[in-house]
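Chain residues, written in single-letter form:
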Amino acid sequence: MSKKVLITRVIPSIAYDSLIAAGFDVTVWERDTPMTQAQLIEQTKKVDALLSLGANKLNKEFFSACNHLDIIAQFAVGYDNIDVAEATRLGIPVGNTPDVLSEATADVAFGLMIATSRKMFFHHKTIERGEWKQFEPLKNLGVQLTGKTLGIFGMGRIGMVMAQRCQGAYNMNIIYHSRNRNIEAEKLFNAKWVSFDELLKESEVLSVHSVLSEETQGLFNKSVFSKMRRSAIFINTSRGGVHNEKDLIDALREGTIWGAGLDVTNPEPMKADNPLLTMPNVAVLPHIGSATEEARTGMARIASGNIIEFYKTGKMLHCVNPEVLKN
Ligand code: DGY
C-alpha cells in the first residue's frame, strides 16, 4: 500500500508532482490559511509522513497525538517550531531545507542594511503622504556603508553570503561570533572571530543569522543593545524571537543604537500600529527571506526529496537529527 503524505499548505508543485511520481498518496491542505492545531493533529493522524511549514507547531501535544509518524520534512531551513528532542526520542527523523535559500535570505539582509542606512522606507512614505516639496540639504540624512565593520552573529551558510555581499560591495571589514570558528569564512573574507561582547562593541552593522534556541531566545535585549555603538545598525533576518522587540523600540527611541532592519518580528505578524513602522531609521519586511521562485522551488524539491529518499534508502538529503537514521 502507498505511504500517505500530508503537505500542510500549497507549496511549489514540484513537491506534489515528485511525491506522486514516486508512488505516494498525497494530501495537500489547500486553504489559504494555516491549519489550526486541532486540524493539524486530526489530519496528521491519517498519514505516515508530514511535510510541514514553520507555522505548524510540532510540540509535545502534537507528538503525543502523532507519535506514529515515520518522518517529518520541514519546508524551511529553520525548525524552531518543532520539538526535535521529542521527535528524536520517538525515533522520528526531521528534515530541513538548507542552502537553497541562503542567497535569497542574505539578499534581504543586505537590502535591509542599505534601506536602513539611507532611511529608504521612510522617504518612500513621505512621497505617499505628499510631503516631497523641495531638496532638503540637512533633513533625514543617512550614513555610508563603505569600509564599515560588519558583525555577523551566527556565521553559517546565510551569514557567509551576507559577508561576501558586504565585502564585495562595500569593502566592509568582517567580524563574527559563532559557537564554532568558521575557518572558510576566515580564509575567504579575512573574517575575525570575536567574543560576543567584542561583536557588540565593534560592529557598525550587526546582522543576526543564528538559529532560535534556548540560548538565543530574547538575547538582543536592553542590556545587549546598551553595549552596542550608538551609530550601529541592527539587522535581523533569522527569527524575531532572537530580539526583544520592546527593548529594540526603546533602544531606537533613546538613540542607544542608530537603526534597525527586520525581516522577522516578535511577534509575527507585526501589528500595523507598531511604532517601528513610523521610525525613520527602521525598515521592516514581512518575513520574505526565502521568497524567491528559485528558493521556494528548491525548498519544495528538498522537502519532498527528503521523504522520497527516506523511504527508498533510509537516508535523507538533510536531516537535523541524523542519530535517528543511524538507529
Ligand atoms: C526558513 O527557511 O527558516 C525561513 O524562515 C522560512 O521561509
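Bear in mind that the values here come from a model prediction, so they are computed numbers and not experimental data.

Procedures and definitions
Residues numbered from 1 in each chain as written. Predicted model: local features only at pLDDT ≥ 70, side-chain atom pairs only at ≥ 80, totals over all residues. Heavy atoms only, no water. Pairing = 2+ DSSP bridges. Helix = DSSP H or I, 4+ residues; strand = E, 2+ residues; numbered from the N terminus. Right-handed = clockwise from strand over helix to strand, strands pointing away. Contact = heavy atoms within 4.5 Å. Axes fitted to C-alpha atoms, helices over the stretch in contact; angles between N-to-C directions.

Draft legend 1. Representation of the pairing of strand β2 (residues 25-28) in the model. The pairing of strand β1 (residues 4-7) with β2 spans 4 bridges and is parallel. Each bridged residue has a counterpart across the sheet, and for V5 the counterpart in β2 is V26. Once you follow β1 into helix α1 (residues 14-21) and on to β2, the crossover reads as right-handed.

Draft legend 2. Spotlight on unusual backbone geometry. Going from N266 to P267, the amide bond is cis rather than trans, its omega being 10°. Among the secondary structure elements, P267 is positioned in the loop between β11 (259-262) and β12 (282-284). The omega torsion of the bond from E268 to P269 falls at -5°, within 30 degrees of zero and hence cis. One non-glycine residue with positive phi stands out, namely N140, at about 50°. Inspection of the secondary structure assignment puts N140 in the loop between α6 (120-128) and β6 (149-153).

Draft legend 3. The sheet that holds strand β5 (residues 94-95), seen in detail. In spatial order, the strands read β2-β1-β3-β4-β5; together these 5 strands make up an open sheet with parallel pairing. The sheet is open, and its two edges are formed by β2 and β5, each paired on a single side. On the sheet, α1 packs against β1, β2 and β3 (49-52) and is oriented at approximately 160° with respect to β2. Against the sheet, helix α12 (residues 293-313) engages β1, β3, β4 (71-74) and β5, with an angle of about 155° to β4.

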